[in-house]
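Given next are the chains, with one letter for each unit.
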Amino acid sequence: MAIATGGRVRTATGTAVVAALILVIAFGNSAYVDWASQHTSKDAWGFFLRELAWPNWSFSSDQSVRTIFADDLKAILLIVLAGVFVTLLAGSQLSRARGSMSQFLAGWAAYMFAGAVAGLIAAFVQVNASLLGAFQWAASGVVYGLFVGWIVGLATFGARR
């Protein structure tokens, strides 16, 4: 069941996908990625600002085609898998408990899983792909989901499945 607010129906999956899309578009573009790498300090706030840039995407011709494709695939998979994992984690038992802490945690956990799987899959497209590289990209995706996924958790907090 979904709730209607202002003539729109909000589901946990829909709000998670929209939140993930906004995060990827706003903080994954090359302008923000360059700014974060050059202008942030080495403290906790700087770490968070740099972490926001993990699902970077670009259409730059300075990199190899496989690197561009891997980065873009990672960003796209993050958005798609966020919706898939929210659907799986925010199941029928959570739809009855709308607005509960468990729904917030399900959205957050779904984003961590999405980051890990997106990193794992996209790493195999990268130039000189290796199993170790895939594990490192998956680990980076989990760290990204841990520090940024609470935003997706908040987005799914008031929605229904």
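Quantities reported herein were computed from a predicted structural model and do not represent experimental measurements.

Reading the values: the criteria
Residues numbered from 1 in each chain as written. Predicted model: local features only at pLDDT ≥ 70, side-chain atom pairs only at ≥ 80, totals over all residues. Heavy atoms only, no water. Helix = DSSP H or I, 4+ residues; strand = E, 2+ residues; numbered from the N terminus. Buried < 20%, exposed > 50% of the residue type's maximum accessible area, 1.4 Å probe, protein only. Contact = heavy atoms within 4.5 Å. Areas by Shrake-Rupley, 256 points an atom, 1.4 Å probe, with all protein chains shown as cover. Salt bridge = Lys/Arg side-chain N within 4 Å of Asp/Glu carboxyl O. Patch = residues over 30% accessible without salt bridge, like charges linked within 9 Å, V, L, I, M, F, W, Y side chains within 5 Å. Phe/Tyr/Trp six-rings, centres within 6.5 Å; stacked < 30°, edge-to-face > 60°. Lys NZ or Arg CZ within 6 Å of the ring centre and 35° of its normal. Core = buried A, V, L, I, M, F, W, Y, C linked by side-chain atoms within 4.5 Å. Axes fitted to C-alpha atoms, helices over the stretch in contact; angles between N-to-C directions. Parallel < 35°, antiparallel > 145°, perpendicular 65-115°, else oblique. Left-handed = near helix turned anticlockwise from the far one by under 90°.

Visitor: Describe the overall build of the protein, with residues and values.
Guide: Along the protein, the regular secondary structure elements total seven helices and two strands. The order of α-helices and β-strands along the protein, N terminus first, is β-β-α-α-α-α-α-α-α. Residues classed as buried in the protein amount to 45% of the 161 residues present. For the protein, the proportion of contacts with a sequence separation of at least 24, taken over those separated by at least 6, is 72%. Put simply, the protein shows about 8,400 Å² of open surface, and 69% of that area lies on carbon and sulfur atoms.

Visitor: Got a sec to walk through the pattern of salt bridges? Specific residues and values, please.
Guide: Where charged atoms of side chains with opposite charge meet at close range, the side chains can pair. All chains considered together, the criterion is met by one salt bridge. Measuring nitrogen to oxygen at the nearest pair gives 4.0 Å for the salt bridge that ties Lys74 to Asp71. With Lys74 and Asp71 both in helix 4 (residues 65-89), this residue pair falls three residues apart, about one helical turn. Side by side, Lys74 and Asp71 carry an identical accessibility label, which is buried.

Visitor: Explain a nonpolar patch on the surface to me, and be specific about the residues and the numbers.
Guide: Together, Ile76, Val80, Val84, Leu88, Leu89 and Phe113 line one region of the surface with nonpolar side chains, adding up to about 540 Å² of accessible area. It is helix 4 that contributes the most residues to the nonpolar patch, five residues altogether. When its relative accessible area of 60% is taken as the criterion, Leu88 is described as exposed.

Visitor: So what's going on with the packing of aromatic side chains? Which residues, and what values?
Guide: Counting across every chain of the model gives eight aromatic pairs. Here Phe47 and Phe147 contribute two aromatic rings whose centre-to-centre distance is 5.2 Å and whose plane-to-plane angle is 80°, an arrangement assigned as edge-to-face. Residue Phe47 is located in helix 3 (residues 44-51), and its partner Phe147 is located in helix 7 (residues 131-157); the two are separated by 100 residues in the primary sequence. Since its relative accessible area comes to 35%, Phe147 is described here as partly exposed. Put simply, the rings of Phe27, Tyr32 and Trp35 touch in pairs and so form one group of aromatic residues. Over the ring of Trp54 we find Lys74, and its NZ or CZ is 4.6 Å from the ring centre. Geometry around Trp137 places Lys74 over its ring, the cationic atom sitting 4.6 Å from the centre.

Visitor: Please provide a residue-by-residue account of the nonpolar core, values included.
Guide: Grouped together as the largest cluster of nonpolar side chains are 37 residues, with contacts concentrated most on Leu23, Leu52, Leu78, Tyr111, Tyr144 and Val148. Among the secondary structure elements, those contributing two or more residues to this core are helix 1 (12-28), helix 2 (30-39), helix 3, helix 4, helix 6 (101-123) and helix 7. Counting residues per element, this core draws most heavily on helix 4, which supplies 10 residues. Apart from the residues within four sequence positions on either side, Leu23 is in contact with Gly28, Leu52, Tyr111, Tyr144, Val148, Ile151 and Val152.

Visitor: Any chance you could break down the packing of helix 1 against helix 7 for me, citing the residues and the numbers?
Guide: One can describe the packing of helix 1 onto helix 7 by two numbers: an axis separation of 8 Å at closest approach and a directional angle of 135°. Here helix 1 is positioned oblique relative to helix 7, judged by the angle of their axes. The chirality of how helix 1 crosses helix 7 is right-handed. Between helix 1, through Ala12, Thr15, Ala16, Ala19, Ala20 and Leu23, and helix 7, the contact on the second element is made entirely by Tyr144, Val148, Ile151, Val152, Ala155 and Thr156.

Visitor: Break down the environment of Val84 for me, citing the residues and quoting the values.
Guide: Inspection of the secondary structure puts Val84 in helix 4. With a relative accessible area of 39%, Val84 lands in the partly exposed category. Residues Val84 and Thr13, 71 residues apart in the sequence, show an inter-C-alpha distance of 7.6 Å.

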